[in-house]
Amino acid sequence: MSGCPYFQKKFLSASMPHLKEEENDDSQSGINKASKGGLIYGDYLQLDKIVTSQMLQSELKGNKIHDEHLFIVTHQAYELWFKQILWELDSVREIFTSGHVRDERNMLKVNTRIQRVVMIFRLLLDQFSVLETMTALDFYDFREYLAPASGFQSLQFRLLENKIGVPQNQRVPYNRRHYRDNFRDQENELLLHSEQEPTLLQLVEQWLERTPGLEEGGFNFWGKLEANIFEGLSTETANIEQKPASEMKEEMMAEVIKQRDIFVSLFDERRHDHLLSTGQRRLSYKALQGALMIYFYREEPRFQVPFQLLTSLMDIDTLMTKWRYNHVCMVHRMIGSKGGTGGSSGYQYLRSTVSDRYKVFVDLFNLATFLVPREWVPKLDPSEHSFLYTAECCDSSYCSSDDSD
Amino acid sequence: MSGCPFFERKHQLFTSKPSKAEEEDESQKGINKATKGGIIYGEYLQLDKVLDAQVLQSELKGNKIHDEHLFIITHQAYELWFKQILWELDSVRDLFIKNHVRDERNMLKVVSRIHRVTMIFKLLVEQFAVLETMTALDFFDFREYLSPASGFQSLQFRLLEGKIGVADHLRVPYNRRHYRDNFHEHESETLLSSEQEPSLLQLVEQWLERTPGLESDGFNFWGKLQASIEEGLKMEKQKLEKLEDSEVKQELLEDRSKQTEVFTALFDPKRHEHLLSKGERRLSYKALQGALMINFYREEPRFQVPFQLLTALMEIDTLMTKWRYNHVCMVHRMIGSKAGTGGSSGYHYLRSTVSDRYKVFVDLFNLASFLVPRAWVPKLNPNIHTFPYMAEYYDSSYNSCSGEDSD
């Protein structure tokens, strides 16, 4: 059956409302179950709660401003989607923390759910254009009634950041206070827990450290790679040196030296640990190796889905930073450089969060610095290296339908 | 100040921690009001209600299926946005009903709000991509627990359709029952009363009928247009007949004949009434004239914003039909040709609603059939015709801040 809704309907405006017999019957067939009792749509979705929770502060205070409704609904929609992101995120973290991820049949689920989080973030980004139909003038009319409520108090947003892996010590403080100070009692505790429980970053790090092929007594990817790269660089250097003197030769030489420096730093574990301590790198040295391994061998059956996962993790970072930037731009348009309702310097504070400090999987992005020509990548031999196409399915608790999640 | 967040930060990767002192200070300024009492974000948004409304039927029935949560959230988000659309729609209808729209200072508000509705619909169309991350297999795992709940029971969706102007008698019935039968007393009553209030279509129709320039003892747009078109077609025919006989000449003559037929039909009020009765046209003859007037003279100051309004109204129709089609495609993927949870034939029913029967402002789209060369459009003389640049302000209740009563 063609997907086209006009198939067999010819030029509709000339023939409506007379539907062709066949389709008329098809669209009529079925019984109307909805009026026979049983679960109703509105009850299922608890719409009595959802659709009655829009209370305009401007109205409460006797000066109802039309656009406040949009402001409320937009934020509520964001929070609903934050809840969904947390649902997916927690289920994925659980698959790692419970060890189930070692059964590679669970990888599809992991990947699909992280990819879903990416799709939700895309939507949240698109959502700004709806709120942008509100002008600064209209916002000004009701903003006073909102103080001091502020997005700083969004529990779910902080939970989300923490569970993905935004580190406390990298956060831009505002007013030199801890971000958790915005929350009391239970909410504060929840946040504290989310800081202490394994984050997606940490779980992915441990998973990367286990990447097959890293074992020194086995394939020894890192050792082989180092050898190949420096051999490759030597050959290149020799080739260049043989050329007659020229400006071009100088440039090529300089280029090769730069490359060498980059790779020397790559294989310098001490340097990596130093960068870890300053927060410029987030993954352990071994995890970094695992990530590079997956990149280089992404087409091997065993690494295909893991590679998709790494890509999706970077998408999350990219979308989150775009979200922050969209937010900054909108706030600037709405309030210029006045203080935010939470008391901070609003625009300036938000602008400072559009930064790599908040990029969780920054190391994956940086891997692009270390790409090499395909020939330098250590060769694989399928008869020897069966790990590339042999998955592990060891989890006795695995069952192909979702149990808990 | 440049809008670029990286201004003065250079290449972020290799600048370890803190930014320049200046920026740090700027971002530190301000007092933390949030901890001093007063309304809190979560209370303002009633998150205790909103975030506590997700109960998985599959879990209730002892077989928790992960993807059901996405299904619930997606629909709740749709309903939140439906509420917002109704908020905007009702406020616009109100401006028309109360005649505030006769004070042309209110036109900006009208157009902004209708445009906002189109932006929301765009988002709702994009939202499908999120639910599409659920596979048919995953849906199958929990679908049984939902029955017989169905989108047929979405009150807000029906209210939305009705208030925009979807015609009851043009709806595709399912199971030969009235769509209102899906709702119990209170909701059914709400639907009934909303059916009896003027829809956006009806209000826009009346507004179009009042378009300045239509008055037959005034500018007499319609009379002038008809004369101008007849003259234009006659000249064309004469020119063509002077050409040497050829296949091309035949084709051109035929085209011109067809054109003549199209315009003869346009100027035939009886034919319009006939099409109205069949549901192929929805606006009155006079309203159609008003719409064509606004189209042809859209650059006149008085008609600029009205023209934007007509464009936005067509955009609503386009987006709604895209929404319906996206929904059809997704349902097809999810359940193939099985019955929907509401008992209908699911895919087939939904497919039949992707049709011009549901296109409320269909007449505006069809105006494109009647475009003419600019030279045929009746000329305006700014000395005689002041109406294209003089607006009317006579609503005494107008005040420039939107604090005006309801909206």
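Fair warning: this is a prediction, and the values are worked out from it, not measured in the lab.

Conventions and cut-offs
- Residues numbered from 1 in each chain as written.
- Chains lettered and ligands numbered in written order.
- Predicted model: local features only at pLDDT ≥ 70, side-chain atom pairs only at ≥ 80, totals over all residues.
- Heavy atoms only, no water.
- Helix = DSSP H or I, 4+ residues; strand = E, 2+ residues; numbered from the N terminus.
- Buried < 20%, exposed > 50% of the residue type's maximum accessible area, 1.4 Å probe, protein only.
- Contact = heavy atoms within 4.5 Å.
- Areas by Shrake-Rupley, 256 points an atom, 1.4 Å probe, with all protein chains shown as cover.
- Axes fitted to C-alpha atoms, helices over the stretch in contact; angles between N-to-C directions.
- Parallel < 35°, antiparallel > 145°, perpendicular 65-115°, else oblique.
- Nonpolar A, V, L, I, M, F, W, Y, C, P; charged D, E, K, R; others polar.
- UniProt positions renumbered as here; feature names shortened; annotations may be inferred.
- Patch = residues over 30% accessible without salt bridge, like charges linked within 9 Å, V, L, I, M, F, W, Y side chains within 5 Å.
- Salt bridge = Lys/Arg side-chain N within 4 Å of Asp/Glu carboxyl O.
- Lys, Arg positive; Asp, Glu negative; His and termini not counted.
- Charge placed at Lys NZ, Arg CZ, Asp CG, Glu CD.
- Phe/Tyr/Trp six-rings, centres within 6.5 Å; stacked < 30°, edge-to-face > 60°.
- Lys NZ or Arg CZ within 6 Å of the ring centre and 35° of its normal.
- Core = buried A, V, L, I, M, F, W, Y, C linked by side-chain atoms within 4.5 Å.
- pLDDT = per-residue confidence, 0-100.
- Left-handed = near helix turned anticlockwise from the far one by under 90°.
- Polar contact = N/O pair within 3.5 Å; in protein donor to acceptor, adjacent residues only side chain to side chain.
- Expected span 1.5 Å × (residues − 1).

Attention now moves to the overall build of chain A. Counting its regular elements, chain A contains 19 helices and zero strands. Expressed as a percentage of the 405 residues in chain A, the buried residues total 54%. Pairs at least 24 residues apart make up 74% of the contacts formed inside chain A by residues separated by at least 6 positions. Here chain A has roughly 18100 Å² of accessible surface; of this, 53% comes from carbon and sulfur atoms.

Counting secondary structure elements, chain B contains 18 helices and zero strands. Out of the 407 residues in chain B, the part that is buried amounts to 53%. Within chain B, residue pairs in contact and separated by at least 24 positions form 74% of the contacts whose partners lie at least 6 positions apart.

With that out of the way, let us pick up the packing of helix H9 (residues 136-143) of chain A against helix H17 (residues 301-335) of chain A. All names here are of chain A. For the pair H9 and H17, interaxial distance at closest approach is 8 Å and the crossing angle is 75°. In terms of orientation, H9 and H17 fall into the roughly perpendicular class. Residue-level inspection shows Ala136, Phe139 and Arg143 of H9 in contact with H17, the latter providing Arg333, Met334 and Ile335. For the contact of H9 with H17, the residue count by class is four nonpolar, no polar and two charged.

For the bond running from Ala147 of chain A to Pro148 of chain A, omega is -5°, close enough to zero to count as cis. In this fold, Pro148 of chain A is placed in the loop between H9 and helix H10 (155-164). Residue Pro148 of chain B is reached from Ser147 of chain B by a cis peptide bond, and omega for that bond is 0°. As for its position among the elements, Pro148 of chain B is in the loop between helix H8 (136-143) and helix H9 (155-164). Residue Asp185 of chain A is not a glycine yet carries a positive backbone phi of 35°. Along the chain, Asp185 of chain A turns up in helix H11 (residues 185-196).

Those places that UniProt annotates as "binding site: substrate" (unreviewed entry) correspond, in this numbering, to Arg177 of chain B. The topology assignment puts Arg177 of chain B in the loop between H9 and helix H10 (185-196).

This next bit is on a negative patch on the surface. On the surface, Glu247, Glu251, Glu254 and Asp255 of chain B cluster together into a patch of negative charge. By the secondary structure assignment, Asp255 of chain B is in helix H13 (residues 247-266).

The subject of this paragraph is the pattern of salt bridges. Evaluation of the coordinates by the stated rule reveals 33 salt bridges over all chains. With a closest N to O distance of 2.8 Å, Glu161 of chain A and Arg158 of chain A form a salt bridge. On the criterion of helical spacing, the pair formed by Glu161 of chain A and Arg158 of chain A is a turn pair, its members being three residues apart in helix H10. Exposure remark for Arg158 of chain A: the relative accessible area of 5% places this residue in the buried category. Linked through salt bridges whose partners overlap, the residues forming this network are Arg158, Glu161, Asp168, Arg171 and Arg324 of chain B.

Turning to the packing of aromatic side chains, a few remarks are in order. Both the distance between ring centres and the angle between the ring planes are used here to describe each pair of aromatic rings. Inspection of the entire model under this criterion finds 41 aromatic pairs over all chains. Geometrically, the ring pair formed by Phe96 of chain A and Trp207 of chain A is edge-to-face, given 6.3 Å between the ring centres and 85° between the ring planes. Pair noted here: Phe96 of chain A is in helix H6 (residues 68-97) and Trp207 of chain A is in helix H12 (residues 200-209), with a separation of 111 residues, a long-range link. Its relative accessible area of 7% is what places Phe96 of chain A among the buried residues. When the ring of Trp222 of chain B is compared with that of Tyr285 of chain B, the centres are 5.7 Å apart and the planes differ by 90°; the resulting orientation is edge-to-face. Here Trp222 of chain B, found in helix H12 (residues 221-241), pairs with Tyr285 of chain B, found in helix H15 (residues 285-296); they are 63 residues apart in sequence, far enough to count as distant. Judged by its relative accessible area of 10%, Trp222 of chain B is buried. Among the aromatic residues, those joined into a ring-pair cluster are Phe219, Phe221, Trp222, Phe230, Phe267, Tyr285, Phe296, Tyr297 and Phe387 of chain A. A cation sits over an aromatic face here: Arg171 of chain B above Tyr179 of chain B, 4.0 Å from the ring centre. Here the basic side chain of Arg298 of chain B rests over the ring of Phe307 of chain B, its NZ or CZ set 5.6 Å away from the ring centre.

The biggest cluster of nonpolar side chains holds 228 residues, and the ones touching the most others in it are Trp207, Phe221 and Leu364 of chain A together with Trp207 and Phe221 of chain B. Excluding its chain neighbours within four sequence positions, the residues that come into contact with Leu364 of chain A are Leu283, Ala291, Tyr295, Leu310, Leu313 and Met314 of chain A.

Quick look at the confidence of the model for chain B now. Residue and element names in this part refer to chain B. A residue-level look at chain B finds 86% of positions with pLDDT of 70 or above and a mean pLDDT of 88. Within the model, pLDDT remains below 50 along residues 1-24, and this stretch shows 40 contacts once partners closer than five positions in the same chain are excluded. Low pLDDT, under 50, characterises residues 401-407; the predicted model gives this stretch 22 contacts beyond four residues in sequence or across chains. Interface confidence for the predicted complex, given as ipTM, is 0.85, next to a pTM of 0.87.

Before going further, it helps to examine the environment of Thr321 of chain B. Residue and element names in this part refer to chain B. Secondary-structure assignment places Thr321 in helix H16 (residues 301-335). In this structure Thr321 comes out as partly exposed when scored by relative accessible area, which is 22%. Linking Thr321 and Gln259, residues 62 residues apart in sequence, is a C-alpha distance of 30 Å.

Now for the packing of helix H7 (residues 107-126) of chain A against H17 of chain A. Residues and elements named next belong to chain A. Across the interface, H7 lies against H17 with an axial gap of 9 Å and an inter-helix angle of 20°. The angle between the axes of H7 and H17 places the two elements in the roughly parallel class. Judged by the twist between their axes, the crossing of H7 over H17 is left-handed. Of the residues that constitute the contact of H7 with H17, the class distribution is 16 nonpolar, five polar and three charged.

Residues and elements named next belong to chain B. Along the chain, the position of Glu205 falls in helix H11 (residues 200-209). In this structure the side chain of Glu205 is engaged in a polar contact, spanning 2.7 Å, whose partner is the backbone nitrogen of Ser284. Each residue touching Glu205, except ones within four places of it in the same chain, is listed here: Arg282, Leu283, Ser284 and Ala287.

Moving on: a nonpolar patch on the surface. A contiguous nonpolar patch, built from Leu243, Val248 and Leu252 of chain B and spanning about 250 Å² of accessible area, is present on the exposed surface. Tracing the backbone shows Val248 of chain B in helix H13.

On to the confidence of the model for chain A, then. Residue and element names in this part refer to chain A. When the pLDDT values of chain A are averaged, the result is 88; 86% of them are 70 or greater. Within the model, the stretch residues 1-24 combines pLDDT values under 50 with 39 contacts to residues more than four positions away or in other chains. Contacts from residues 401-405, a stretch scored under 50 in pLDDT, to residues over four places away or in other chains number 14 contacts.

Residue pairs three or four apart in sequence face the same way in an α-helix, which turns once every 3.6 residues. Counted at 1.5 Å a residue, the expected span for H6 of chain A with its 30 residues is 44 Å, and the 43 Å between its end C-alpha atoms agrees. Phi turns positive one or two residues past the end of H6 of chain A, at Gly99 of chain A, with a value near 85°.

In this section: the environment of Met330 of chain B. All names here are of chain B. With respect to the helices, strands and loops of the structure, Met330 is situated in helix H16. The exposure class assigned to Met330 is buried, which follows from its relative accessible area of 7%. C-alpha of Met330 to C-alpha of Ala129: the two residues are 201 residues apart in sequence and 9.5 Å apart in space.

All right, on to the environment of Asn169 of chain A then. Residue and element names in this part refer to chain A. One can find Asn169 in the loop between H10 and H11. When its relative accessible area of 58% is taken as the criterion, Asn169 is described as exposed. Taking the C-alpha atoms as reference points, Asn169 and Arg333, 164 residues apart in sequence, are found 30 Å from one another.

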